[in-house]
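One letter stands for each residue in the lines below.
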Amino acid sequence: MKVLEIKNVHKIYNSSEVKVHAVNDISLDFEKGEFAAIVGPSGSGKTTLLNLIGGLDTPTSGEIMVDHTNLAELKSSALIDFRMRNIGFVFQSYNLIPVLTAKENVEFIMSLQKWKREDRDARTFELLKAVGLEDRVNSRPSKLSGGQQQRVAVARALASKPKFVLADEPTANLDSKSTETLLDIMDQLNKEEGITFIFSTHDARVVKKARRVITIEDGKVVSDERKN
Amino acid sequence: MIWKTAWKNVWRNKVRSLVVIISVTIGIFGGIFAVAVMNGAIEQRVDAALNEEIAHIHINHSNLRDNYDIQLFIPDLEQVLETVNATPGVKSVTSRTIITGMANTAAKSAGVQILGIDPETEKKVLKLYETTLPGTGSFFETESRHLLAYIGQDLAKELNIIRYMINDAVIDSLKKRELPEEILIKLAPYKGQRFKSEKSFKKEMKSILTLKEQHAYAVKIAKEAWSFRQRSKMTLTFIDKNQVQTGAVFRIAGIYDIKNNMFEMSQVLVKNEDLMELTGMTSKEMHQLVISLEDTEMTEEVTASLKSALPELEIMHWKEIQPDLAMMTDMIQKFYGVFMVIILAALAFGIVNTMLMVVLERTKELGMLTAIGMNKKRVFSMIMLESVFLSIVGGAVGMAVSKFMITLTARNGINLAGYEEGFEAMGFSAHIYPVISTSFFVTVTILIIVTGILSSIYPALKALKLDPSEALRTE
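Residues numbered from 1 in each chain as written. Chains lettered and ligands numbered in written order. Predicted model: local features only at pLDDT ≥ 70, side-chain atom pairs only at ≥ 80, totals over all residues.

Draft legend 1. Local environment of the environment of B:Ala48. All names here are of chain B. Structurally, Ala48 is set in helix 2 (residues 14-53). A residue is classified by how many C-beta atoms lie within 10 Å of it, and Ala48, with 22 of them, is buried. Each C-alpha atom, one on Ala48 and one on Gln333, is 19 Å from the other, the two residues being 285 residues apart in sequence. Contact partners of Ala48, with chain neighbours within four places excluded, come to Glu53, Ile258, Lys259 and Asn260. (Helix = DSSP H or I, 4+ residues; strand = E, 2+ residues; numbered from the N terminus. Buried ≥ 20, exposed ≤ 12 C-beta atoms within 10 Å, placed from the backbone. Contact = placed C-beta atoms within 7 Å.)

Draft legend 2. Looking closely at the environment of B:Ser305. As for its position among the elements, B:Ser305 is in helix 13 (residues 299-309). Expressed as a C-alpha distance, the spacing of B:Ser305 and B:Gln288, which sit 17 residues apart in the sequence, is 18 Å.

Draft legend 3. Expanded view of the sheet that holds strand 10 (residues 220-226) of chain A. All names here are of chain A. Ordered in space as 6-7-8-3-9-10, the six strands form an open sheet in which the pairing is mixed. In this open sheet, the two edge strands, each paired with only one partner strand, are strand 6 (87-90) and strand 10. For this sheet, the mean inter-axis angle between neighbouring strands, taken without regard to orientation, is 20°. Bridging between strand 6 and strand 7 (residues 164-168) involves four bridges; their strand directions are parallel. Within strand 7, the position partnered with Ile87 by the bridge is Phe164. (Pairing = 2+ DSSP bridges. Axes fitted to C-alpha atoms, helices over the stretch in contact; angles between N-to-C directions.)

Draft legend 4. Main features of the packing of helix 15 (residues 323-361) of chain B against helix 19 (residues 438-464) of chain B. Residues and elements named next belong to chain B. Following both chains from N to C, one finds helix 15 and helix 19 inclined at 30°, their axes separated by 8 Å at the closest point. Considered as vectors, helix 15 and helix 19 are oriented roughly parallel to each other. Seen from above, helix 15 lies across helix 19 with right-handed handedness. Split by residue class, the contact of helix 15 with helix 19 holds 20 nonpolar, six polar and one charged. (Parallel < 35°, antiparallel > 145°, perpendicular 65-115°, else oblique. Left-handed = near helix turned anticlockwise from the far one by under 90°. Nonpolar A, V, L, I, M, F, W, Y, C, P; charged D, E, K, R; others polar.)

Draft legend 5. Structural context of the sheet that holds strand 6 (residues 194-195) of chain B. Residue and element names in this part refer to chain B. An order of 6-5-7 is seen for the three strands of this open sheet, with the pairing classed as antiparallel. Single-partner strands in this sheet number two, and they are strand 6 and strand 7 (226-228). In this sheet, strand 7 lies alongside strand 5 (residues 162-165) in antiparallel orientation, the contact comprising three bridges. Looking at the pairing, Ile162 lines up with Phe228 of strand 7.

Draft legend 6. Here's a closer look at the interface of chain A and chain B. In this assembly, 19 residues from chain A lie in contact with 19 residues from chain B. The set of elements that each furnish at least two residues to the side of chain A that touches chain B consists of helix 2 (76-86) and helix 3 (102-112) of chain A. Per element, the largest residue contribution to the side of chain A that touches chain B is five residues, and it comes from helix 2 of chain A. Tallied by class, residues from the side of chain A that touches chain B come to eleven nonpolar, five polar and three charged.

Draft legend 7. Local environment of helix 10 (residues 211-225) of chain B. Residue and element names in this part refer to chain B. Between its terminal C-alpha atoms helix 10 stretches 19 Å, which fits the 21 Å expected from 15 residues at 1.5 Å a residue. Approximately 55° is the largest bend angle found in helix 10, and it occurs at Tyr217. Taken as a whole, helix 10 has its buried residues at Tyr217, Ile221, Glu224 and Ala225. Those residues of helix 10 that are buried are in contact with strand 5, helix 7 (168-176), helix 8 (181-187), helix 9 (198-208) and strand 7. (Expected span 1.5 Å × (residues − 1). Bend = angle between axes of the 7 residues up to and from the residue.)

Draft legend 8. Structural view of helix 2 of chain A. For helix 2 of chain A, the full list of buried residues reads A:Ile80, A:Arg83 and A:Asn86. Looking straight down helix 2 of chain A, one finds its buried side chains confined to an arc of 150°; they lie on one side. Looking at the packing, one finds that the buried side of helix 2 of chain A touches strand 4 (61-66) and strand 6 of chain A together with helix 16 (363-372) of chain B. (Arc of directions from axis to C-beta.)

Draft legend 9. Just the domain arrangement of chain B, in detail. Residues and elements named next belong to chain B. Under the domain assignment used here, chain B contains domain 1 (2-48 + 325-473), domain 2 (56-160 + 232-321) and domain 3 (162-228). Counting from both sides, the interface comprises nine residues of domain 2 and, opposite them, six residues of domain 3. Among the elements that make up the side of domain 2 that touches domain 3, the one with the highest residue count is helix 6 (residues 153-158) (three residues). Of the residues assigned to the side of domain 2 that touches domain 3, the class counts are three nonpolar, five polar and one charged. (Domains from an automatic or database assignment.)

Dropping the structure here:
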């Protein structure tokens, strides 16, 4: 089942002097439960593509369909609501809310979605246990290591059971042990929850773990490999 | 969760939030306390006017107030009194004769209004008798074969009935009031010296005291140094019922002190029976009925009912007799509101500035929140709540401090003795008991919340304009 279809997407940034073709005619499909990495050198358009997929930016042309909904047809407020219900985000620098505890960070989106307290608590503990932080539920981000913060971010991204999770270089700030732990956890959650993971990365360890590797250069897909 | 996050965000930068909270606290405290002092002074003024000076309602001949002609009596006095006494809400009534005349002593003279009163019924309507200065006598309570007059402190000073003298008793008394030794040394050479008037005494004090000393101690010294010779005399001259100039020597029964220079200077009270004898008026010839009510709130209702029952007479309530009081009581509540709005408007700029810094500092976080699904309404609410919390915390502390200080100062009052002359010239007491109503705190609370909301609008709109993909790229 397709959760995401990208059709002939272009993104051109018009600066005062030069036009930058950040994404150049990319078409891709993602099935439910994929664990895919988008790789490429710096400036190749990975983050731009991820922003377009996540509805944080709008394509110059082309269509992005999430579960048969064209993101371009959604108004600003509807798009924000759509993101909340369908897309999970994991950022390179974790971006947790510093004044909230790990538990509160994870349940934040569920509370925005007005989940019942008991359902919210159950889901939060289930996810924090899955990412190995059941003993740090009341810790604030400042009391957690980088790896632990990123695991909370993954738990937050999965909290409301989105169609897919977009992770922009999630391991860029982590040491190798934390990277390995995080990748194992994401791999396991991907399999258990059936949620699609799409990473942008140039970390070889992530590429190794991914079951599909899409390489882009100069805004174009140069290879799309599926591993068995 | 938005409320919880906003509350926690307030304490993210404790120093900055505390600076805003303290500034709101000081602003609110300053505003409320100043209003309480003004309100206390005005309430005291109104109380004094109603209880000591004019009471609630006056009834007189419709032309009396034009020139106070002695012939303008209230027609059918008994009938009118019956009507007044039968009117619901009337507590007590007293009748007066009013003539204008001159008060003279050997030294000076002054124009006065002579009120012929019945001391017993007068006491039921007004409490002027309670303001008698200790040591000056009483409100016609002692029998005397002489004619008696009850006069104000300022008139007594003007006519040199009150004199000033420094003696051992005065120095001892000032010592007990903890006046510095250097002041007592300055006063020592004046021992035994008598000053005929307040003016000459003050002039002498000004010559020996520095400006700072005058401000701090002149009133204290004057209060101890004044002296009054029992049964001092003055002559009252006036026109009698037959338009013939007449007069008599009156002994001072007592001197009242009501902190209102104009009243003290002009109103001389004598017994009605004495005035009747001197002017040829009879007990049925009265100029004015003065009425006190059970409740001040009933003033307009009782006035209206008396006006319809006695259409041929002039019936005025206290707000009409003293329009300055009416203006003060009616306008002051609006003024208090405007005063607080100005203070809060100034504080609002501080809050706006802080919230703009908050939005600027949290650009990346706000971008992340929008990215993960926090819509504009919620982002706006969160910024607004942070601003409201900041102002509410500061406001609550400010109101608590105000309440505490008002309670504390209301026990003994604030004594602005250094400005006594100025206050009394306007009819106000320089000893003020701050007072504020609970409803004013409710108004201030609403104003604080509104300030918090208004202060958040511009910063929140800035936050809404953030592009999440751009915001996420900021460091």
